[in-house]
Amino acid sequence: QVQLVESGGGLVQAGGSLRLSCAASGIIFRINNMGWYRQAPGKQRELVATITSGGSTNYADSVKGRFTISRDNAKKMVYLQMNSLKPEDTAVYYCNANIQMLATWDPTEHWGQGTQVTVSS
């Protein structure tokens with residue numbers, strides 16, 4: 001089994017910063033892409049940022065220049081540094097990873113349980 005556990009969410013004022021972390025554990029042969037998604041009340045889950053195993057990144061237009069995704073392959077962790085936060089960034093943030101559990105298995109998608117980020121105006 002594989003587990004993704006997020007941490008670092010909380011309440012922050014507009015203009016503030018938060019750093020989210022996500023740790024992968026369990027039966028893991030290889031972690032491919034990792035990423036962060038978010039879901040605000042009444043809205044669909046949306047992509048925030050992704051990062052490949054080689055470090056190439058992709059961001060939603062709404063967070064470009066404010067958020068930075070990074071990963072530590074040795075520690076099996078992915079991070080999201082969020083600066084200049086806005087009230088519209090309020091959502092539950094989910095960690096995602098494409099993981100190959102065994103060398104002979106196809107990779108599968110895995111999700112964390114989510115962490116709440118609330119930005120007050």
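Fair warning: this is a prediction, and the values are worked out from it, not measured in the lab. (Residues numbered from 1 in each chain as written. Predicted model: local features only at pLDDT ≥ 70, side-chain atom pairs only at ≥ 80, totals over all residues. Heavy atoms only, no water.)

Colleague: So what about a nonpolar patch on the surface? Which residues, and what values?
Modeller: Where nonpolar side chains cluster on the molecular surface, the patch consists of Ile-27, Leu-102 and Trp-105 and spans about 280 Å² of accessible area. Turning to its location among the elements, Ile-27 is positioned in the loop between strand S3 (18–26) and strand S4 (30–39). With a relative accessible area of 42%, Ile-27 lands in the partly exposed category. (Patch = residues over 30% accessible without salt bridge, like charges linked within 9 Å, V, L, I, M, F, W, Y side chains within 5 Å. Areas by Shrake-Rupley, 256 points an atom, 1.4 Å probe, with all protein chains shown as cover. Salt bridge = Lys/Arg side-chain N within 4 Å of Asp/Glu carboxyl O. Helix = DSSP H or I, 4+ residues; strand = E, 2+ residues; numbered from the N terminus. Buried < 20%, exposed > 50% of the residue type's maximum accessible area, 1.4 Å probe, protein only.)

Colleague: I'd like a description of the nonpolar core, backed by residues and values.
Modeller: Taken as a class, soluble globular proteins show a tendency for nonpolar side chains to be buried jointly. Membership of the largest hydrophobic core comes to 32 residues, with the highest contact counts inside it found for Trp-36, Leu-80, Met-82 and Tyr-93. For this core, the elements supplying multiple residues, two or more each, are strand S1 (2–7), S3, S4, strand S5 (46–51), strand S7 (67–72), strand S8 (77–82), strand S9 (91–100) and strand S11 (115–120). The dominant element in this core, judged by the number of residues it contributes, is S9, at 5 residues. (Core = buried A, V, L, I, M, F, W, Y, C linked by side-chain atoms within 4.5 Å.)

Colleague: Just give me the short version of the pattern of salt bridges, but keep the residues and values in it.
Modeller: Under the criterion given, the structure shown has 4 salt bridges. The partner of Arg-38 in a salt bridge is Glu-46, and the shortest N-O contact between them spans 2.7 Å. We classify Arg-38 as buried; its relative accessible area is 5%. For Lys-64, the salt bridge identified is with Asp-61, shortest N-O distance 3.1 Å. The pair Lys-64 / Asp-61 is uniform in exposure class, with both members exposed.

Colleague: Residues and numbers for the environment of Glu-6, please.
Modeller: By secondary structure assignment, the location of Glu-6 is in strand S1. Along the chain, Glu-6 and Cys-22 lie 16 residues apart, while their C-alpha atoms are 4.3 Å from each other. Those residues within four positions of Glu-6 in sequence are excluded, and the remaining contacts are Ser-21, Cys-22, Trp-36, Tyr-93, Tyr-94, Cys-95, Gly-112, Gln-113, Gly-114 and Thr-115. At a separation of 2.7 Å, a polar atom in the side chain of Glu-6 contacts the main-chain amide nitrogen of Cys-95. A distance of 3.0 Å separates a polar atom in the side chain of Glu-6 from the backbone nitrogen of Gln-113. (Contact = heavy atoms within 4.5 Å. Polar contact = N/O pair within 3.5 Å; in protein donor to acceptor, adjacent residues only side chain to side chain.)

Colleague: Requested: an account of the state of the cysteines, with residues and values cited.
Modeller: Counted according to the given criterion, the structure contains 1 disulfide. A sulfur-sulfur separation of 2.1 Å characterises the disulfide bridge that pairs Cys-22 with Cys-95. The disulfide joining Cys-22 to Cys-95 has a torsion of about -80° about its S-S bond and is therefore left-handed. Taken together, the positions of Cys-22 in strand S3 and Cys-95 in strand S9 put the pair 73 residues apart, joining distant regions of the chain. The exposure classification of Cys-22 matches that of Cys-95, with both residues buried. (Disulfide = S-S within 2.5 Å.)

Everything listed here is a matter of geometry and, on its own, says nothing about what the molecule does.
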